[in-house]
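Reading the structure
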Amino acid sequence: MTNHLDQLRVLMICAHPDEPDMYAGGLAALYAERGHRVKFLSLTNGDAGHFSLPKQEVAARRKQEARLAAQRLGIDAYEVLDHSDGMLEPSLALRHEVLRHIRAYEPDVLVTFHPEGGNSPDNRYTGKIVSDAVPYAGLPQYMPDPDAPYLKKKLLVLLMPDMSLHNDYRPDVAIDVSSVIEKKLLACDAHATTFYDLIPWFKGTLDQVPVAWEDRKRYLLDNWPTTFYASPRMRTALEQAYGSVRAGEVRYAEGFEIARYSFKPDAEQLKRYIPMLGEG
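Some points on the pattern of salt bridges
Within the structure shown, the criterion is met by 21 salt bridges. In this structure, D76 and R37 form a salt bridge, with 2.7 Å as the shortest nitrogen-oxygen distance. Residue D76 is found in the loop between α2 (55-73) and β3 (77-83), and its partner R37 is found in strand β2 (residues 37-44); the two are separated by 39 residues along the sequence. For D76, a relative accessible area of 43% translates into the label partly exposed. Under the relative-accessibility criterion, R37 is labelled partly exposed at 31%. Two residues, K271 and E279, come together in a salt bridge whose shortest N-O distance is 3.6 Å. Judged by its relative accessible area of 34%, E279 is partly exposed. When salt bridges that share partners are traced, they join R34, K271 and E279 into one network.

Next up, the structure:
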């Protein structure tokens, strides 16, 4: 178990409930297994994420799914804000709301979306809002607040590529998540509204959704391969972390860019912030 003095705090900010699980669930599980603190924060409640249920019911259902996903990953918290799905804008008010969450949690590592890409406006604006908030996180006289004081530590910010960006990014860091792939799959499985209702409905394949877990596991891997499998674009980062032989053997991985507005760690510092890097 990690010594309290060495314990890291990791905050993952996304637009919708299910995205931290999809894009960084393996990393979250690895941190949690090592005794570090992990929190997911969704800026919307995902209430547009169904084809027939009332929005209020969808939002309540997705919060329940988020709680189950957190249990399966072993993380501390999965907070879902009450902004409506599809309605995010990079406003000053939302920047301040996000900034308060960052300061209150005091993360060492923050994981979020890229501010300049992605097809989803919610995802893109989430990245923009976070990129606008982080530079002020450590400024004492910007929004002084005794309940959420300014950040007094260097913050490593990692960017997740959503599926629309998968072919356009070059990760600076890639993590082998093979040892926790079952946890990541189970977390995605918890988000039944997304994986077994909405997206199959879009595809016209609702009648093909399996029931048994082993069948669902294969269904998730087959239908969302970029979410789970190591890709050729990760190869350089994997080789840097694990060596060329081991990198070629990694089956399941997650890749991240270091944000341009992030603290820039050297190799030793990066290993301290991401202690599972190169292990496994």
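That covers the picture; the talk isn't over yet.
Observations regarding helix α6 (residues 192-203)
Since one α-helical turn is 3.6 residues long, residues separated by three or four positions face the same way. The end-to-end C-alpha distance of α6, which contains twelve residues, comes to 15 Å, matching closely the 16 Å that a straight helix rising 1.5 Å per residue would cover. Listed as buried for α6 are A192, T193, T194, F195, Y196, D197, L198 and P200. Considering only its buried residues, α6 is in contact with α1 (19-33), α2, α5 (181-190) and α7 (213-223). Just past α6, the residue G204 takes up positive phi, approximately 75 degrees.

Let's talk about the pairing of β2
β2 sits mainly inside the fold: seven of its eight residues count as buried. Across six bridges, strand β1 (residues 9-14) lies against β2 in parallel orientation. By the bridge assignment for β2, R9 is matched with R37. You can see the chain leave β1, run along α1 and come back into β2, and the turn it takes is right-handed. As judged from the five bridges shared by β2 and β3, these two strands associate in the parallel manner. Its bridge partner lying in β3, F40 is registered against Y78.

Thoughts on the sheet that holds β2
An order of β3-β2-β1-β4-β5-β7-β6 is seen for the seven strands of this open sheet, with the pairing classed as mixed. The open sheet has two edge strands with one neighbour each: β3 and β6 (173-176). Taken over all neighbouring pairs, the strand axes of this sheet differ in orientation by 25 degrees on average, direction set aside. Where α1 meets the sheet, it contacts β1, β2, β3, β4 (109-113), β5 (156-160), β6 and β7 (253-258), and its direction lies at approximately 95 degrees from that of β7.

Side note on the side chain of H191
By secondary structure assignment, the location of H191 is in the loop between α5 and α6. You can call H191 buried: its relative accessible area is 0%. For H191, the residues in contact, after removing those within four places along its chain, are P17, D18, D21, E65, A66, A69 and Y78.

Some words on the packing of helix α3 (residues 92-105) against helix α4 (residues 121-133)
If you want to describe how two helices pack, look at the angle between their axes and the distance between the axes. Running from N to C, α3 and α4 point in directions that differ by 65 degrees, and their axes come no closer than 9 Å. Judged by the angle between their axes, α3 and α4 are roughly perpendicular. Of the two elements, α3 crosses α4, and the hand of that crossing is right-handed. For the pair α3 and α4, the contacting residues are L94, R95, V98, L99 and I102 in the first and I129, V130, D132 and A133 in the second. Per-class residue counts for the contact of α3 with α4 are seven nonpolar, no polar and two charged.

Each value, and the rule that gives it
- Residues numbered from 1 in each chain as written.
- Predicted model: local features only at pLDDT ≥ 70, side-chain atom pairs only at ≥ 80, totals over all residues.
- Heavy atoms only, no water.
- Salt bridge = Lys/Arg side-chain N within 4 Å of Asp/Glu carboxyl O.
- Helix = DSSP H or I, 4+ residues; strand = E, 2+ residues; numbered from the N terminus.
- Buried < 20%, exposed > 50% of the residue type's maximum accessible area, 1.4 Å probe, protein only.
- Expected span 1.5 Å × (residues − 1).
- Contact = heavy atoms within 4.5 Å.
- Pairing = 2+ DSSP bridges.
- Right-handed = clockwise from strand over helix to strand, strands pointing away.
- Axes fitted to C-alpha atoms, helices over the stretch in contact; angles between N-to-C directions.
- Parallel < 35°, antiparallel > 145°, perpendicular 65-115°, else oblique.
- Left-handed = near helix turned anticlockwise from the far one by under 90°.
- Nonpolar A, V, L, I, M, F, W, Y, C, P; charged D, E, K, R; others polar.

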